[in-house]
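Geometric and topological summary
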Amino acid sequence: AVVWPAGSFGAVQTEWFAKWSSKRAPSYADQMRSRIDSDILPKFGHRHITDIEAPEIAQLAVAIESRGAEELARKALWATSQIFRFAIAHGYAQRNPVADFKPGDVLKEHTATNHPRISSRDLPKLLLDMENDTGTEITKAAMWLMARTFLRTTELLQAPWIEIDLEQGWWEIPKERMKMPSPHIVPLSRQVIGKLRALRELTGGDDYVFPSARNRGKKTMSLGGVSVALKRMGYRGIMTGHGYRGVASTILHEGARVSP
């Protein structure tokens, strides 16, 4: 491990990360650790935290964006700001230079992405194709549950079993994983509970609901696994893992419009 000079940005982020990561899912914390190590620390790690100014941070974000990593650039600004806030609270700094500008001042306009998805009338065929897919049982279970819980790919595939109460029939996703101010509660139907029980028996009690085949107990299956399966089934450019939420939203809104 790198030993950072006292008062340096690197030293402060080490303290911040230890506190922040203790309340996050390991997979999410690992992602943040990788982003900080790759993009932020090489630039600011050995610098005294009070010497770092807003234009330098803005330039770092622009450099990340120039690689085509627009979302990572915004997340780098968020992480840097959190570290400075921690520094102020603990007496290492008196101001947060990230607060001097908004991401939109230096980065391209953020636009929402509409993921490819089938129409609601094609859903029965997709469900049948999923049942007949030749992929692994874990991947098929992931698609099955995604179609019935409407969770985002990361929320579903990176889930630890500790979030799920099969006896009470609910799934509580912490606010840190949701990146929201409060936890997200998913009520579980008896069919979903049955599928989860079968999945737990299949995976042999791994800490994760969808464990990696190569790194059992340490990592989850690839976030692209569902989309790969959909492409194998003939849905390339038509449906993605993220598309299940879109289909659900369409059906629910259509139901709301026709209800009395």
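To keep things clear, this report deals only with the structure shown in the data block. (Residues numbered from 1 in each chain as written. Predicted model: local features only at pLDDT ≥ 70, side-chain atom pairs only at ≥ 80, totals over all residues. Heavy atoms only, no water.)

Notes on empty space enclosed by the protein
- One pass over the full model with this rule turns up 1 cavity of 30 Å³ or more.
- A volume near 40 Å³ is recorded for the largest cavity.
- In terms of lining residues, the largest cavity is bounded by M32, R35, D39, I40, L72, K75, A76 and A79.
- Breaking the lining of the largest cavity down by element, the ones donating at least two residues are α2 (26-44) and α4 (70-89).
- Class assignment of the residues belonging to the lining of the largest cavity gives a composition of 5 nonpolar, no polar and 3 charged. (1 Å grid on protein atoms, 1.4 Å probe; cavity = no way out; pocket = protein on both sides within 12 Å on 5 of 7 lines; lining within 4 Å. Points joined across faces, edges and corners; volume = space filled by probe spheres on them. Helix = DSSP H or I, 4+ residues; strand = E, 2+ residues; numbered from the N terminus. Nonpolar A, V, L, I, M, F, W, Y, C, P; charged D, E, K, R; others polar.)

Looking at unusual backbone geometry
- Residue F150 is not a glycine yet carries a positive backbone phi of 60°.
- With respect to the secondary-structure elements, F150 resides in the loop between α7 (137-149) and α8 (153-157).
- For F150, a relative accessible area of 36% translates into the label partly exposed. (Buried < 20%, exposed > 50% of the residue type's maximum accessible area, 1.4 Å probe, protein only.)

Here's the deal with the environment of K219
- Within the secondary structure, K219 sits in the loop between α10 (190-203) and α11 (225-232).
- C-alpha separation for the pair K219 and G194, spaced 25 residues apart in sequence, amounts to 24 Å.
- In contact with K219, other than residues within four places in its own chain, are Y208, P211 and S212. (Contact = heavy atoms within 4.5 Å.)

Topic: the pairing of strand β2 (residues 170-173)
- Covered by surrounding structure in β2 are W171 and I173 only, the residues W170 and E172 on the alternate face being uncovered.
- In terms of strand pairing, strand β1 (residues 164-165) meets β2 through 2 bridges, oriented antiparallel. Counterpart to D165 in the pairing with β2 is W170.
- Hairpin remark: β1 followed by β2, antiparallel, with 4 residues in the connecting loop; positive phi at G169, about 80°.
- Pairing of β2 with strand β3 (residues 184-187), which is carried by 4 bridges, proceeds in the antiparallel orientation. By the bridge assignment, W170 is partnered in β3 with P187. (Pairing = 2+ DSSP bridges.)

Side note on the sheet that holds β2
- Across the sheet, which stays open at both edges, the 3 strands sit in the order β1-β2-β3 with antiparallel pairing between neighbours. Because the sheet does not close on itself, it has two edges, and the strands there are β1 and β3.

Limitation: the analysis is restricted to geometry and does not speak to function.
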